[in-house]
Amino acid sequence: MAAPISIRSLGKSFHGRGQSIEALRGIDLEIADNEFITFVGASGCGKSTLLRIIAGLESHSSGQLQLDGQPIEGPGRERAMVFQHYSLYPWLTVMQNIKFSRRLKVVADTVRHDGDIETADGRACALLALMGLEPFADAYPSQLSGGMQQRVAIARALMGKPDILLMDEPFGALDAQTREVMHDLIRHVHRLEKSTIVFVTHDVEEAIYLGTRVVLMAPRPGRIDSQYPVPLPAERHQDMKLSPEFLALKRDILARIRETSGMRSELEMLEKLSAGMRE
Ligand SMILES: Nc1ncnc2c1ncn2[C@@H]1O[C@H](COP(=O)(O)OP(=O)(O)OP(=O)(O)O)[C@@H](O)[C@H]1O
Ligand SMILES: [Mg+2]
């Protein structure tokens, strides 16, 4: 069972070179079991920082952060992270990459029976099949396309049966068609594994199509600006991206991102400048 995440008045500041950056301020958020929550927002609004704090890869400066009622104090095997860059080991094959994970070391420490190792082998094969990678088990990452490499990275993250999958722009480097395939794949994984997915993206369409809730963050300081429940059924298909409710939500979110990032005022400024040049 996936564990709920509770975040209260969370703040994060980075200090260095005589400067202090308030990356996050006053973050209040509850993420439920099995939720698929997506984060969007202008560059620099603290999306990655928040994800890294939930992963336990970064400390927070103030507030509280709990996982299933316990404070998060570092990485744990119930959480796995997938990054934009696939970060596979180039000298290992697809199968070896899937089986090789830091969490597996933790698993290995707790292995008591040969059966546990067989179960791990069985899971690696099942994940290989789920990701459609069976023919490539012995291939090396350099022989794979970007989409295939990212599927290996997802399989590797799933290997330790994480309750929570944290994904930071995982499809950002893929072409549009491959992204669509990955969207349906990751929703399938979500249904099958019953994990909680926390997903950061720059792509509003991706955030709506994947999520049950979209959280919009704003910069300077990084904060939650607004949240949008996604009015789509659990079962999704690509045509829904053209439905009126999908397009209306996309328009609202895009407009709000422009407002919170100051883009609207920059546009106004450009207009004023060009008007001044015409005079
Ligand atoms: N290790 C760090 N040291 C100092 N400042 C940092 C560090 N990591 C992030 N920041 C700053 O914190 C703020 C939030 O950064 P973060 O990477 O979380 O934003 P983001 O929303 O993920 O942006 P993007 O959409 O560009 O990935 C930025 O101002 C960034 O410069
Ligand atoms: Mg980021």
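Calculation rules
- Residues numbered from 1 in each chain as written.
- Chains lettered and ligands numbered in written order.
- Predicted model: local features only at pLDDT ≥ 70, side-chain atom pairs only at ≥ 80, totals over all residues.
- Buried ≥ 20, exposed ≤ 12 C-beta atoms within 10 Å, placed from the backbone.
- Helix = DSSP H or I, 4+ residues; strand = E, 2+ residues; numbered from the N terminus.
- Pairing = 2+ DSSP bridges.
- Right-handed = clockwise from strand over helix to strand, strands pointing away.
- Contact = placed C-beta atoms within 7 Å.
- Axes fitted to C-alpha atoms, helices over the stretch in contact; angles between N-to-C directions.

Colleague: Explanation requested: the pairing of strand E8 (residues 196–200) in the structure shown.
Modeller: Working note: regular strand, side chains alternate between the two faces of the sheet. In terms of residue burial, E8 counts as a mostly covered element, since 5 of its 5 residues are buried. Judged by which residues are buried, E8 turns out to be covered on both faces: Thr196, Val198 and Val200 on one side and Ile197 and Phe199 on the other are all buried. Where strand E3 (residues 36–41) lies against E8, 4 bridges are found, and the strand directions are parallel. For Phe36, the partnering residue across the bridge sits in E8 and is Ile197. With 5 bridges connecting them, strand E7 (residues 164–168) and E8 associate as parallel partners. Looking at the pairing, Ile164 lines up with Thr196 of E8. The β-α-β motif built from E7, the intervening helix H6 (residues 176–193) and the parallel element E8 has right-handed crossover chirality.

Colleague: Would you explain the sheet that holds strand E1 (residues 5–16) in this entry?
Modeller: Strands belonging to one sheet form pairs held by backbone hydrogen bonds; the direction of such a pair is parallel or antiparallel. In space, the 4 strands of this open sheet follow the order E2-E1-E4-E5, with antiparallel pairing throughout. Sheet topology places strand E2 (19–31) and strand E5 (70–71) at the edges, where each strand pairs with a single neighbour. The pairing of E1 with strand E4 (residues 62–67) spans 5 bridges and is classified as antiparallel. Bridge assignment links Gly11 to a residue of E4, and that residue is Ser62. Of the strands in this sheet, E1, E2 and E4 touch helix H1 (residues 47–55), which is tilted by about 65° from E2.

Colleague: Would you take a moment to explain the sheet that holds strand E6 (residues 79–82) for this structure?
Modeller: Pairing in this open sheet of 6 strands is mixed, and the strands run E6-E7-E8-E3-E9-E10 from one edge to the other. The strands lining the two open edges of the sheet, one partner per strand, are E6 and strand E10 (223–229). Strand-to-strand twist across the sheet, computed as the mean angle between neighbouring axes with direction ignored, equals 20°. Along the sheet, helix H5 (residues 146–158) makes contact with E6 and E7, crossing E6 at roughly 170°.

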